[in-house]
Amino acid sequence: MALIGQGALILALLVAVYAAGAALWAATGHDRRFLASARRALWGVLALVLLADAIFLYALFTHDFTFMVVADTSSRALPTVYLITAWWGSQAGSLLLWVTILAVFGLLGLRSTRAALGELQPWMAMVLALIAGFFLVLLVVPASPFVTQPAPADGLGLNPALQNPYMALHPPSLYLGYVGLAIPFALAMAAMLAGRTDARWVVASRRWTLAAWGFLGIGMLLGAHWAYEEVGWGGFWAWDPVENAALMPWLVATAFLHSVMVQERKGMLKVWNIALIAGAFALSIFGTFLTRSGILSSIHAFVASDIGWYFMVGLGAILLGSLVLILWRLPLLRADQRIESVVSRESAFLFNNLLLVGLAFAVLWGVVFPLITEAVGQVRESVSTPFYEFFVLAFGLPMLLLMGAGPLIAWRRASWNSLRTTFMWPFAGGVLTGIVMLLFGLGSSWPGVAAGSICAFVTVTILSEFVRGTMARRRIAGEGTLTAFAHLVDRNRRRYGGYIVHLGVIVFVIGAIGASAYQTERQAVLAQGQSMQVGAFTLTSEGVERTRGPNFSERAAVLRVTRDGEQVGTLRPRSEEHT
């Protein structure tokens, strides 16, 4: 079975190389019929990878411990649902999942753009085949899932921290986001290679980028909840290198989703859009590299290997190739129009891009700083949480402000009188919120007050847009309020859908403010029956509960929580270990 699986991966690599060559032959005008051959070859890659998947999953479910990966990540006592989790709990398995998703997304991407962007198809197929070939090289040479050994009596099992429903969904969601960015990247590179730098590739890539952005966001939220339960009691984000690796492409993809609107409407920011999507995909490769190379200490990096050098070569090829193409096509990327005023929606989008990219770069610097210090001074040093928090405040608060103000500023040029009229009530709402927070004793954190006030400003701004739009439709169409509201959103999905997303961001920011700016933290060692005071609450230790899972043991400290003598709940922070 292992030989068949390894043979399928080797054959898939050869077919991917052929697909890239056939697509290049078609793209350069030699014979367009080779494009169909390249497409069929990509179907062949998918079939061969699915065969390898089937063999790998069969080995996991039948506890075939002659497969080293199966022995390292599963055991006979492991619950069935987590046997699937063991697929991406290993380096080789996660890379196999990566290339499987890529093969599926690549064919879907080619199909979805076939009619509108036929001239880009050969170049797009070539780029996708090269990306697939790179990951197949990893699976064939340094990280094969089909390496065998004499079978032990049982496997080592899956890390207990990974045996969590949220962790079962968190990595696949992130991988869907990482891989999803390959499609808009391939479209951008194809547009550059073909010399088609109009907005058509942007329109085609927007939905793919939005889907990838959504999967990354969901993956980070699932990971945050997992961290809250398993890693840090009460914590949801620790600025771990691999957490940051998921955040960076999400930030850059967010900038791209805003920036494409300017290119579609005004023919501006063309270089920005190419650079942003190339950067987002490069950061997704970098995120996979951090997770799977073990080069940095991380609660997520469960493996250490020399696979990092392969990733560095691939990452260098992406960055260098993108830069060369941008410089080559620079004359075709000139803006059709110029920004006429600082007070305009175009300027707001540009400032938004600068802030998002600036924050992504600050996070990137924090991630690679230990590697730089080790290379220069032979001593690995790292940055701590205050470093990231400083830049979140420096870049995040202006971004929040732009999130409310940007959509209401006119294109081309806005007058100060119109701005004063538009933002009078939102500004009043923000100021009133700040005053209320101070009156309720929340002035201990000025960033918390500032963020809370800006959140109120943005919320009032967005709600006023819904109200104005609904009232206008009622007057024009004579509809009822609910019907007018439904038709308003349905006929302007991009605009009002964006507002809803912004409201979701506000909800998250309010939660983050409460969990960070206004948290109360105390440490104490409690014997059974002893108590400690945390704010208005009293925590009393009622001892330790010990339970056993199928392949791990668990200890939970039972803490009774009371307020003014009345019990309000029971906490059970726990730790797990292999048995």
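As the structure is a computational prediction, the values presented were derived from the model and not from experiment.

Conventions used here
- Residues numbered from 1 in each chain as written.
- Predicted model: local features only at pLDDT ≥ 70, side-chain atom pairs only at ≥ 80, totals over all residues.
- Heavy atoms only, no water.
- Helix = DSSP H or I, 4+ residues; strand = E, 2+ residues; numbered from the N terminus.
- Rg over C-alpha atoms; globule rule 2.2 N^0.38 Å.
- Contact = heavy atoms within 4.5 Å.
- Lys, Arg positive; Asp, Glu negative; His and termini not counted.
- Charge placed at Lys NZ, Arg CZ, Asp CG, Glu CD.
- Expected span 1.5 Å × (residues − 1).
- Bend = angle between axes of the 7 residues up to and from the residue.
- Buried < 20%, exposed > 50% of the residue type's maximum accessible area, 1.4 Å probe, protein only.
- Salt bridge = Lys/Arg side-chain N within 4 Å of Asp/Glu carboxyl O.
- Patch = residues over 30% accessible without salt bridge, like charges linked within 9 Å, V, L, I, M, F, W, Y side chains within 5 Å.
- Areas by Shrake-Rupley, 256 points an atom, 1.4 Å probe, with all protein chains shown as cover.
- Axes fitted to C-alpha atoms, helices over the stretch in contact; angles between N-to-C directions.
- Parallel < 35°, antiparallel > 145°, perpendicular 65-115°, else oblique.
- Left-handed = near helix turned anticlockwise from the far one by under 90°.
- Nonpolar A, V, L, I, M, F, W, Y, C, P; charged D, E, K, R; others polar.
- pLDDT = per-residue confidence, 0-100.
- Phe/Tyr/Trp six-rings, centres within 6.5 Å; stacked < 30°, edge-to-face > 60°.
- Lys NZ or Arg CZ within 6 Å of the ring centre and 35° of its normal.
- Polar contact = N/O pair within 3.5 Å; in protein donor to acceptor, adjacent residues only side chain to side chain.
- Core = buried A, V, L, I, M, F, W, Y, C linked by side-chain atoms within 4.5 Å.
- Pairing = 2+ DSSP bridges.

S.K.: In this structure, what is going on with the overall build of the protein chain? I would like to understand it.
M.R.: In terms of regular secondary structure, the protein chain is built from 18 helices and five strands. A compact globule built from 579 residues should have a C-alpha radius of gyration of about 25 Å, and the protein chain, at 26 Å, falls within 12% of that. Expressed as lengths along the three principal axes of its C-alpha atoms, the size of the protein chain is roughly 70 × 70 × 60 Å. Put simply, 71% of the contacts in the protein chain that link residues at least 6 apart link residues at least 24 apart. Distance between charge centroids for the protein chain: 15 Å, based on 39 positive and 30 negative side chains.

S.K.: Which parts of the structure should I look at to understand helix α15 (residues 416-439)?
M.R.: An ideal rise of 1.5 Å per residue puts 34 Å on 24 residues; α15 measures up with 32 Å between its terminal C-alpha atoms. When the local axis directions of α15 are compared, the greatest deviation, roughly 50 degrees, occurs at F423, which is followed within four positions by the proline P426. Within α15 the residues assigned to the buried category are L419, F423, P426, G429, G430, G434 and M437. If you follow the buried residues of α15, they end up packed against α14 (385-405) and α16 (446-477). Phi turns positive, to about 80 degrees, at G441, one or two residues after α15.

S.K.: How should the pattern of salt bridges be read in this particular structure?
M.R.: Side chains that carry opposite charge are capable of pairing whenever their charged atoms lie near each other. Per the stated rule, a full pass over the model turns up eleven salt bridges. We note a salt bridge from E264 to R494, for which the minimum N-O separation is 3.5 Å. Placement of E264 in helix α10 (residues 241-266) and of R494 in helix α18 (residues 493-516) is noted, with a sequence separation of 230 residues between them. One salt bridge connects E545 with R572, and the closest N-O pair in it is separated by 3.3 Å. Here the residue E545 occupies a position in strand β2 (residues 537-548), and R572 occupies one in the loop between β4 (566-571) and β5 (574-578), the gap between them amounting to 27 residues. R572 gets classed as partly exposed once you look at its relative accessible area, which sits at 44%.

S.K.: Explain a nonpolar patch on the surface here, please?
M.R.: A contiguous nonpolar surface patch, about 760 Å² in accessible area, is contributed by F427, V431, L432, I435, V436, L439 and F440. Residue placement: L432 occurs in helix α15.

S.K.: Would you mind going over the environment of L356 with me for this structure?
M.R.: Summarising the element assignment, L356 is placed in helix α13 (residues 345-377). Sequence separation between L356 and A317 is 39 residues; the distance between their C-alpha atoms is 24 Å. Every residue in contact with L356, bar those within four places of it in the chain, is listed here: L251, T254, A255 and M399.

S.K.: Would you explain the packing of helix α1 (residues 2-27) against helix α6 (residues 121-140) in this entry?
M.R.: Relative orientation and spacing of two packed helices are given, respectively, by the angle between their axes and the distance between those axes. Remark: α1 packs on α6, axes separated minimally by 8 Å, with the N-to-C direction vectors making an angle of 155 degrees. Comparing their axes, α6 and α1 come out roughly antiparallel. In this structure, the crossing between α1 and α6 has a hand that is left-handed. Residues Q6, L9, I10, A12, L13, A16, A19, A20, A23, L24, A26 and A27 of α1 touch α6, and the partners they reach there are P122, W123, A125, M126, A129, L130, G133, L136, V137, L139 and V140. Looking at the contact of α1 with α6, its residues break down into 21 nonpolar, two polar and no charged.

S.K.: What should I look at first to understand the confidence of the model for the protein chain in this one?
M.R.: As a general rule, the predicted coordinates of low-pLDDT regions are not to be interpreted in detail. Taken as a whole, the protein chain shows an average pLDDT of 87; of its residues, 95% reach a score of 70 or greater. Looking at the elements of the protein chain, mean pLDDT is at its lowest for β5, recorded as 65, and at its highest for α6, recorded as 96.

S.K.: Quick question: what am I supposed to make of the packing of aromatic side chains here?
M.R.: The tally for this structure, following the rule as stated, stands at 25 aromatic pairs. Aromatic pair F466 and F485: ring centres 5.7 Å apart, planes at 45 degrees, arrangement tilted. Highlighted residues: F466 in helix α16 and F485 in helix α17 (residues 481-491), separated in sequence by 19 residues. Sitting above the plane of the W328 ring, R329 keeps its charged end 3.7 Å from the centroid.

S.K.: Which parts of the structure should I look at to understand the side chain of S37?
M.R.: Here S37 shows up in helix α2 (residues 33-61). Within polar-contact distance, the side chain of S37 engages the side chain of Y18 at 2.5 Å.

S.K.: I would appreciate a short explanation of the nonpolar core in the present structure.
M.R.: One broad rule of soluble globular proteins: the nonpolar side chains tend to lie buried together. One finds L96, W98, I131, F135, L136, W201 and F281 to be the most contacted residues of the largest nonpolar core, which totals 130 residues. Top element by residues in this core is α6. It accounts for 14 residues. Contact partners of F135, with chain neighbours within four places excluded, come to L95, W98, V99, I285 and F311. Within the second largest apolar cluster, 23 residues are counted, among which are L397, C455, V509 and I513.

S.K.: Explain the environment of Y496 to me, please; I cannot follow it from the model alone.
M.R.: Here Y496 lies in helix α18. Judged by its relative accessible area of 3%, Y496 is buried. Placed 386 residues apart in sequence, Y496 and L110 show a C-alpha to C-alpha distance of 29 Å. Those residues in contact with Y496 that sit more than four places away from it in its chain are E465, F466, G469, L488 and V489.

S.K.: Can you walk me through the pairing of β2 in this structure?
M.R.: The two faces of the sheet receive side chains in turn, since in a regular strand these alternate between them. As paired strands, strand β1 (residues 531-534) and β2 are joined by four bridges and run antiparallel to one another. By the bridge assignment for β2, Q533 is matched with T538. The turn linking β1 back onto β2 is made up of two residues, and G535 within it adopts a positive phi angle of 65 degrees.

S.K.: It is not clear to me how the side chain of S144 should be interpreted in this structure. Could you clarify?
M.R.: By secondary structure assignment, the location of S144 is in the loop between α6 and α7 (165-180). Within the structure, the side chain of S144 is placed 2.5 Å from the side chain of Q6, a separation counted as a polar contact. Those residues in contact with S144, other than ones at most four positions away along the chain, are Q6, V69, A92, L138 and L139.

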